[in-house]
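Given next are the chains, with one letter for each unit.
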Amino acid sequence: MNEVRKWLRSLSTKNKKTAIKTKIRELLETGNFPELYQYLTDFHFIKAKIEAAQTLELIADYDLALNSPQSSNLTAEQTKNLRLIQAVIRVSEHILKKDKKQLVEQLWSRLVDIEHPDIKNLLTQAKKSRRNPWLRPLTSSFAPPDSELIRTINPHDRPIIALTITPDEKQIISGANDGTIKVFNLANAAEILTFTGHTKTINSLAVTSDQKLLISASEDTTIKIWDLVAKTEKITLNLHSEAVTSVVITPDDKELISSSNNGAINIYDLEKNRDVLTMKAHKAEVTSVTLTPNGEEIVSTSNDKTIKVWNRKKRKLITTIHGHNAEILGAIVTPDGKQVIAHDVDGVWDVFYGEIFVWDWKTGERIFVLSGHDDAVDSLAVTPDNKYLFSGDSQGIIKVWNLETGKEIYTFRDHSSCVNKIIITTDAKQAISCSTDGTIKVWDLTKILGEEKSNYSQISHCNEIHTIAITPNSRWAISGGCEMIVKVWDLTNFREVFDLETGNGEPIHSLAVTPDCKEVLVGCGGSLPSGKKRTIKFFNRKTREQILEFLAPVNLGKFITIAPDGKTFISGYWRDFGTTIWDLELKEEIGYLGRHEEEVLCLAITPDGQKVISGSYDRTVIVWNLQTKERILTLNAGLGSVYSVAVTPDNKYIISGYYHGEIMIWDLTTGEQVAMLKGHHKYVLEVIPLPNNRIISASLDGTLKLWNLNNQKAIATFYGNSGFLCCAATANGEIIIAGDNFGKLHFLTLEN
């Protein structure tokens, strides 16, 4: 037992919390840096502080050590190690707040590739501490701790639409779709206060320059003025008849400008507390108002596809900018006041794209049109030196543009959905973003714009991963998704060995490998079936040695499952209520199974090859006889749509995953409900049976869960940064691979 554990065990229950809290300060006071370093790199001390609800204090301990006048007593490697460990704890803080046991997984997933002996010792200590089963990362699943993400704050657990920062940049303020407003300390993410009073979404926030008043605009048609000193609501303004879309305060704090869905802009006198003017500014909803830096001009955008610039004091229109072909969602003015940058949205049904227009507002000249986002752009921010533009889209992606050249220079992502607001600090060292995923993220811009740019390669695809297949010999894994590329991974070292574009222009939704490992079936998008064969050869990138060769028919549907005997396979298509049986050798359709009442979402085949299981939007699971094509059982749990189905290796039970996160266990013979497993809170998109009566489930809630079917409990959880869309496991269950919404692959092994 090491010295740290001995010290921890020597503490009485009464004094333990205080002793843990003050230990690092005491070591600093005595100048005992060797022991200080030992404690801050010891897993048991780190764990003890987190279990004592001292995570913020622990992060501060590292700052005390690293910023001490005596920190020169630490070697360069020791300093680096402390920074790395601190960064892991800081970037994982929101997860540790939910589940303190995740400390082990978070350390492993972010530090496993670092070779320093002290880091390896920390991970070994963490591994030995786990007595129960857990999912141990075999590679770095996430970005390394010294990359651009500083921390994640999860204040509302609801979509966050509005965000602002106090003029001294010490506090950030967020507004959610449930009408709540929260104030946080930017330095340590500590919550300071909460305001309630609005009944609908907070669309916009603004703070006066003296930091005394907060202004909020809401879907509930009201504007509220809050006293940040007294921490109370001061007044409610009913200036608009429809939802208030944005608010901004003039630099002198004298006037409040607001916009509304009724096409109006309102000017309110904050000094005299009276309404000054309401202008019918646009023919459609006014989506945003902002001011030029000197406060002399108001810039408004609208769904009528125009930008208007107004003289604030004269209350007159200066110019109208035409040129957008779609509804304009918002605009910002560059810090030098010379340019207006606006973003619009276009598209049909659920497929949208956005463009960014950079205008010289005085001349009406269009300087750039920036295209690069694959979805609608929801937020913009410019660095104080006018050099760089940050844009966030509906997929959670943030792009950085050079405003001098109009070129995209960087892309990063850690939000899982719409980036609704981006703020850049005046020193351009940090950016803060909020999202519909319910999080606020703080970014280190020196890792993006500075000389210390992040330089790491992620085990990933560029876009979300829909499907993973493992060859029956457990030698290779194959993954595919939105980017229409198939990748092959070596399961001896977890490295990518090959990638190939499918060439059919559609996302890959399903992959299946034949029992002899000679063919891979590729299911793409909503394609109609095709028996056309393509030879796909996989080569080692370095040696060019051929690794695998598949005869791969493409466009075989969204869902594919191969019979154990390798003679037939079953596939399903978009908007089809049934499934098709194919001859695997001839790639010819030989049968059709009956229909669900709505679209089929998932398929499985029993280990004995006798039955097919299908799950559907219609909330049912149907069991079919593969030979006679007859319906044997219809299983309805009274839950939501069925997104995943599987059969246990012993051929006894059906496992089905549902829209709201439930997992049902059914008796395959009788159709009786055996158990309901609860723990996920969003779609369960994959269920994988493992040996020893266990299953793995992957959910859009961002967790993988390991379940014991004997006691029907979750015995291990692994948290990701985004929703898990798929997973697979080797035949012996030793290696588990999961693909997520960010396009990252997570290689895990089941310990204990």
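Enquirer: Looking at this structure, how should I read the packing of aromatic side chains?
Expert: Each aromatic ring pair is characterised by the separation of its centres together with the angle its planes make. Applying the stated criterion to the full structure yields 17 aromatic pairs. Look at F357 and W359: their rings are 5.8 Å apart centre to centre, the planes differ by 10°, and that puts the pair in the stacked class. Among the residues examined, W359 registers a relative accessible area of 3% and is labelled buried. Of the aromatic side chains, those joined through ring pairs into one cluster are F390, Y410, F412 and W443. The side chain of R136 reaches across the aromatic face of W108, ending 5.1 Å from its centre. Its end group placed over the ring of W476, R475 keeps NZ or CZ at 4.1 Å from the ring centre.

Enquirer: Teacher, can you tell me more about the environment of K120 here?
Expert: In this fold, K120 is placed in helix α9 (residues 117-129). Judged by relative accessible area, K120 falls into the partly exposed class, the value being 28%. Sequence spacing of K120 and W108 is 12 residues, and the spatial spacing of their C-alpha atoms is 9.6 Å. Contacts of K120, omitting those with residues within four sequence positions, involve V112, I114 and E115.

Enquirer: Can you help me understand unusual backbone geometry in this one?
Expert: Most peptide bonds take the trans form, and the phi angle of most residues other than glycine is negative. A positive phi angle, close to 65°, is found at Q211, a residue other than glycine. Position of Q211 among the secondary structure elements: in the loop between β7 (202-207) and β8 (213-218). Overall, Q211 belongs to the partly exposed group, its relative accessible area being 24%. Positive phi is not limited to glycine here, since R315 has a value of about 60°. With respect to the secondary-structure elements, R315 resides in the loop between β17 (307-311) and β18 (316-321).

Enquirer: What is the right way to look at the packing of helix α1 (residues 3-10) against helix α4 (residues 43-51) in this model?
Expert: Relative orientation and spacing of two packed helices are given, respectively, by the angle between their axes and the distance between those axes. Relative orientation of the contacting elements α1 and α4 amounts to 35°, with a least axis distance of 8 Å. Contact residues: V4, R5, W7 and L8 in α1; H44, F45 and A48 in α4. Broken down by class, the residue content of the contact of α1 with α4 amounts to 5 nonpolar, 1 polar and 1 charged.

Enquirer: What am I meant to see in the sheet that holds strand β44 (residues 611-616) here?
Expert: The strands making up a sheet associate through hydrogen bonds between their backbones, and the pairing can be parallel or antiparallel. Reading across from one edge, β43-β44-β45-β46 is the order of the 4 strands in this open sheet, with antiparallel pairing throughout. Looking at the sheet topology across the chains shown, the edges are occupied by β43 (600-605) and β46 (631-636). Neighbour-to-neighbour, the strand axes of this sheet turn through a mean angle of 20°, independent of strand direction. Relative to strand β45 (residues 620-625), β44 is paired through 5 bridges, and the arrangement is antiparallel.

Enquirer: Looking at this structure, I do not really get the sheet that holds strand β33 (residues 485-490). What am I missing?
Expert: Pairing in this open sheet of 4 strands is antiparallel, and the strands run β31-β32-β33-β34 from one edge to the other. The sheet is open, and its two edges are formed by β31 (465-470) and β34 (495-501), each paired on a single side. Sheet twist, expressed as the mean angle between neighbouring strand axes with direction ignored, is 20°. Pairing between strand β32 (residues 476-481) and β33: 4 bridges, direction antiparallel. Paired with W476 across the two strands is D490, which belongs to β33.

Enquirer: Got a minute to help me understand helix α5 (residues 55-67) in this structure?
Expert: Three or four residues apart is the spacing at which side chains of an α-helix point the same way, because the helix has 3.6 residues per turn. The end-to-end C-alpha separation of α5 is 19 Å, in line with the 18 Å expected for 13 residues at 1.5 Å each. Among the residues of α5, T55, L58, I59, D61, Y62, A65 and L66 are the ones counted as buried. Across the axial projection of α5, the buried residues extend over an arc of 145°, all falling on one side. Contacts from the buried residues of α5 go to α2 (13-30), α3 (33-40), α4, α6 (76-91), α7 (93-98) and β2 (149-153).

Enquirer: Just to check I follow, could you spell out the pairing of strand β3 (residues 160-165) for this structure?
Expert: Within β3, 5 of the 6 residues are buried, which leaves the element mostly enclosed by the surrounding structure. Note: β3 against strand β4 (residues 171-176), 5 bridges, orientation antiparallel. Across the sheet, residue A162 finds its bridge partner in β4, namely G175. The turn linking β3 back onto β4 is made up of 5 residues, and E169 within it adopts a positive phi angle of 60°.

Enquirer: Which parts of the structure should I look at to understand the packing of α4 against α5?
Expert: Between α4 and α5, whose axes approach to 7 Å, the crossing angle comes to 140°. Comparing the axis directions of α4 and α5 gives the class oblique. Residues F45, I46, K49 and I50 of α4 pack against T55, E57, L58, D61 and Y62 of α5.

Enquirer: How should I be thinking about the nonpolar core in this particular structure?
Expert: Side chains of a nonpolar character, in soluble globular proteins, are inclined to be buried together. Of all hydrophobic cores here, the largest spans 42 residues; its most connected members are F45 and I46. Of all the secondary-structure elements, those providing two or more residues to this core are α1, α2, α3, α4, α5, α6, α8 (103-111) and α9. What I46 contacts, discounting residues up to four positions off in sequence, is L40, L58, Y62, I85, I89, L103 and L122. Within the second largest apolar cluster, 17 residues are counted, among which are C602, V623, V642 and Y658.

Enquirer: I would appreciate a short explanation of the pattern of salt bridges in the present structure.
Expert: Pairing between side chains becomes possible if they bear opposite charge and their charged atoms approach one another. Scanning all chains against the criterion turns up 15 salt bridges. R312 serves as the salt-bridge partner of E255, at 2.6 Å between the closest nitrogen and oxygen. You can see E255 sitting in strand β12 (residues 255-260) and its partner R312 sitting in the loop between β17 and β18, a full 57 residues away along the chain. Its relative accessible area of 10% is what places E255 among the buried residues. Two residues, K487 and E496, come together in a salt bridge whose shortest N-O distance is 3.4 Å. By relative accessible area, E496 is classed as partly exposed at 24%. In the salt-bridge network here, residues are joined through shared partners; they are K127, R136 and E751.

So, how was this worked out
Residues numbered from 1 in each chain as written. Predicted model: local features only at pLDDT ≥ 70, side-chain atom pairs only at ≥ 80, totals over all residues. Heavy atoms only, no water. Phe/Tyr/Trp six-rings, centres within 6.5 Å; stacked < 30°, edge-to-face > 60°. Buried < 20%, exposed > 50% of the residue type's maximum accessible area, 1.4 Å probe, protein only. Lys NZ or Arg CZ within 6 Å of the ring centre and 35° of its normal. Helix = DSSP H or I, 4+ residues; strand = E, 2+ residues; numbered from the N terminus. Contact = heavy atoms within 4.5 Å. Axes fitted to C-alpha atoms, helices over the stretch in contact; angles between N-to-C directions. Nonpolar A, V, L, I, M, F, W, Y, C, P; charged D, E, K, R; others polar. Pairing = 2+ DSSP bridges. Expected span 1.5 Å × (residues − 1). Arc of directions from axis to C-beta. Parallel < 35°, antiparallel > 145°, perpendicular 65-115°, else oblique. Core = buried A, V, L, I, M, F, W, Y, C linked by side-chain atoms within 4.5 Å. Salt bridge = Lys/Arg side-chain N within 4 Å of Asp/Glu carboxyl O.

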